[in-house]
Amino acid sequence: MSVHNQEIAERLRTIRELSELTVAELAEKMGVDAAEYERYESGTADIPISVLYDVSNTLGVSITELLTGEQAKLHTFSVVRRDRGLAVERSQAYRYADLAYNFVGRRVSPFLVSIAPSGDDEPYHLNVHSGQEYHYCLEGSFKVYLAGQELIIREGDSLYFDSGNPHGMKAIGDKPAKVLVVVI
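These figures come from a predicted structure and were not determined experimentally.

1. Some points on the overall build of the protein chain
Then, number 1: A count of helical and extended segments in the protein chain gives five helices and 10 strands.
Then, number 2: Here the C-alpha coordinates of the protein chain stretch approximately 45 × 40 × 25 Å along the principal axes.
Then, number 3: Of all intrachain contacts in the protein chain linking residues separated by at least 6 positions in sequence, the fraction that spans at least 24 positions is 64%.
Then, number 4: Of the side-chain charges in the protein chain, 18 are positive and 27 negative, and the distance between the mean point of each set is 7 Å.

2. Some details on unusual backbone geometry
Outside of glycine, negative phi angles account for most residues, and trans bonds account for most peptide bonds.
Then, number 1: At E20, a residue that is not glycine, the phi angle is positive and equals roughly 55 degrees.
Then, number 2: E20 gets classed as exposed once you look at its relative accessible area, which sits at 71%.

3. Some words on the packing of helix α1 (residues 5-18) against helix α3 (residues 34-42)
Then, number 1: Contact geometry for α1 and α3: axes closest at 6 Å, N-to-C directions at 120 degrees. As the angle between them shows, α1 and α3 are arranged oblique. Here Q6, A9, E10, L12, R13 and R16 of α1 lie close against α3, whose contacting residues are Y37, Y40, E41 and S42.
Then, number 2: Classifying every residue of the contact of α1 with α3 gives four nonpolar, two polar and four charged.

4. Quick look at helix α4 (residues 49-59)
Then, number 1: Counted residue by residue, α4 has nine buried out of 11 residues, so it is predominantly covered.
Then, number 2: Looking only at α4, the buried set comprises I49, S50, V51, L52, Y53, D54, V55, S56 and L59.
Then, number 3: Positive backbone phi, at 70 degrees, marks G60, one or two positions downstream of α4.

Calculation notes
- Residues numbered from 1 in each chain as written.
- Predicted model: local features only at pLDDT ≥ 70, side-chain atom pairs only at ≥ 80, totals over all residues.
- Heavy atoms only, no water.
- Helix = DSSP H or I, 4+ residues; strand = E, 2+ residues; numbered from the N terminus.
- Contact = heavy atoms within 4.5 Å.
- Lys, Arg positive; Asp, Glu negative; His and termini not counted.
- Charge placed at Lys NZ, Arg CZ, Asp CG, Glu CD.
- Buried < 20%, exposed > 50% of the residue type's maximum accessible area, 1.4 Å probe, protein only.
- Axes fitted to C-alpha atoms, helices over the stretch in contact; angles between N-to-C directions.
- Parallel < 35°, antiparallel > 145°, perpendicular 65-115°, else oblique.
- Nonpolar A, V, L, I, M, F, W, Y, C, P; charged D, E, K, R; others polar.

Below, the structure written as structure tokens:
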């Protein structure tokens, strides 16, 4: 299953309008620039996962609703088979697969993230949001820019951090890195 940036952008706008908030009001509540947020809603800019979480928390809707337009339905357990996570196509740099999209009221969000190879001169795509994250490198290796430092994470390494610090990732070498990311 795949979700495209434009579909998410339309849901962001619709949910904001149903909440009777202007772009400026929502952007202020989230602490982002109104013009930048407007680009997310128009679908002209990649929507960082951090923005989706902030909208979810600010407007009281689930991340599943933002991604799919549907509510999660499972309460006791959720099995997501190999290659069946909810694919979120929102950026060239990262491919996300939500591994618990169908579980109601989840407290953490596990993602399988593929980081596309990029040159060393490519800038980091930085995110900042509330909460914490755990990253476990399954394949390849990647650099993490975190709180002004650059860390190298290799296969089998893990990292836990406060998501309120600016952070971004880049694959090392010419192969993608696969990372289990748990957002708390």
